[in-house]
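If you want the building blocks of each chain, they are given just below.
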Amino acid sequence: AQKITQTQPGMFVQEKEAVTLDCTYDTSDQSYGLFWYKQPSSGEMIFLIYQGSYDEQNATEGRYSLNFQKARKSANLVISASQLGDSAMYFCAMRELGRGAQKLVFGQGTRLTINP
Amino acid sequence: NAGVTQTPKFQVLKTGQSMTLQCAQDMNHNSMYWYRQDPGMGLRLIYYSASEGTTDKGEVPNGYNVSRLNKREFSLRLESAAPSQTSVYFCASSEYSGANVLTFGAGSRLTVL
């Protein structure tokens, strides 16, 4: 079974600084996908970024980038120039193959707080 | 664009009562999912439906049943609610191709007394 580990329960960062949220994963599959979702205090789940296991380049989406180190089985999220609105829970997830569907397995999350 | 719509948003039940959470998506997605999120934890998969007419158990299916009514709708039923089922429930959908990004509903907060 696949497993996602997020070892930082909470992080505090000053506004405008860059922040790295850690994620390690465990899988025996050769083909897999890694995702990051943001959950603000309002509760909705917002997709941020995706990295496929065969993608040679690290994924980037605006201020978000995914630092993918396949040999170390890590998929850290980097947020550049943090903003107050980045304060939220962040979840790392991995795509797992199921019967006819691709399911997501989630880590426990990291609560990020941006201080002014 | 409504995306994924869940109802109700809030519900309080007494132990032993039953209820159904409704979910509908308007993105023509094949796959649909029900997750639960307990305080301070990530999401855990309850049931999923790869396509219309199929359903499968996820990580925590005990105490729940699901129905994939049609391509748009996927309901979650609690037959005899227990306090351990107090949680926030999320419905999601995805297209079975490419990255398979899940689109989530806003969540339904359920309290079982």
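Report follows, based on the coordinates. (Residues numbered from 1 in each chain as written. Chains lettered and ligands numbered in written order. Predicted model: local features only at pLDDT ≥ 70, side-chain atom pairs only at ≥ 80, totals over all residues. Heavy atoms only, no water.)

Attention shifts here to the overall build of chain A. What chain A contains, in helices and strands, is zero helices and 12 strands. If you list the helices and strands of chain A from N to C, you get β-β-β-β-β-β-β-β-β-β-β-β. For chain A, whose C-alpha radius of gyration is 14 Å, the value lies close to the compact-globule estimate of 13 Å for 116 residues. For chain A, the residues scored as buried account for 50% of the 116 residues in total. A separation threshold of at least 6 residues defines the contact pool for chain A, and within that pool the share at least 24 residues apart is 53%. Just so you have it, chain A exposes about 5,700 Å², and 47% of that area is on carbon and sulfur atoms. Counting 11 positive and 11 negative side-chain charges, chain A places the centres of these two groups 5 Å from one another. (Helix = DSSP H or I, 4+ residues; strand = E, 2+ residues; numbered from the N terminus. Rg over C-alpha atoms; globule rule 2.2 N^0.38 Å. Buried < 20%, exposed > 50% of the residue type's maximum accessible area, 1.4 Å probe, protein only. Contact = heavy atoms within 4.5 Å. Areas by Shrake-Rupley, 256 points an atom, 1.4 Å probe, with all protein chains shown as cover. Lys, Arg positive; Asp, Glu negative; His and termini not counted. Charge placed at Lys NZ, Arg CZ, Asp CG, Glu CD.)

Taken as a whole, the largest pocket encloses approximately 510 Å³ of empty space. As for the largest pocket, its lining consists of 25 residues, of which Gln39 and Gly43 of chain A together with Gln37, Val88 and Arg109 of chain B are closest to the centre. Elements supplying a minimum of two residues to the lining of the largest pocket: strand 10 (88–97) of chain A together with strand 9 (87–94) and strand 11 (108–112) of chain B. When grouped by side-chain class, the residues that make up the lining of the largest pocket number 10 nonpolar, 11 polar and four charged. Considering only enclosed or pocket space, the second largest pocket measures out at about 340 Å³ in volume. Every element with two or more residues in the lining of the second largest pocket is listed here: strand 1 (3–5) and strand 11 (102–106) of chain A together with strand 5 (43–49) of chain B. No other element matches the four residues that strand 11 of chain A contributes to the lining of the second largest pocket. (1 Å grid on protein atoms, 1.4 Å probe; cavity = no way out; pocket = protein on both sides within 12 Å on 5 of 7 lines; lining within 4 Å. Points joined across faces, edges and corners; volume = space filled by probe spheres on them. Nonpolar A, V, L, I, M, F, W, Y, C, P; charged D, E, K, R; others polar.)

On the side of chain B, 22 residues touch chain A, which itself brings 19 residues to the contact. When chain A packs against chain B, close to 1,800 Å² is buried across both sides, 57% of that on carbon and sulfur atoms. Applying the counting criterion to the chain A and chain B interface returns zero salt bridges. The interface formed by chain A and chain B contains three residue pairs in polar contact (both at pLDDT 80 or more). Of all elements in the fold, only strand 5 (33–39), strand 6 (46–52), strand 10 and strand 11 of chain A reach the threshold of two or more residues within the side of chain A that touches chain B. Counting residues per element, the side of chain A that touches chain B draws most heavily on strand 11 of chain A, which supplies four residues. (Buried area = accessible area lost by both parts, 1.4 Å probe. Salt bridge = Lys/Arg side-chain N within 4 Å of Asp/Glu carboxyl O. Polar contact = N/O pair within 3.5 Å; in protein donor to acceptor, adjacent residues only side chain to side chain.)

In short, the description is geometric, and any link to function would need to be established separately.
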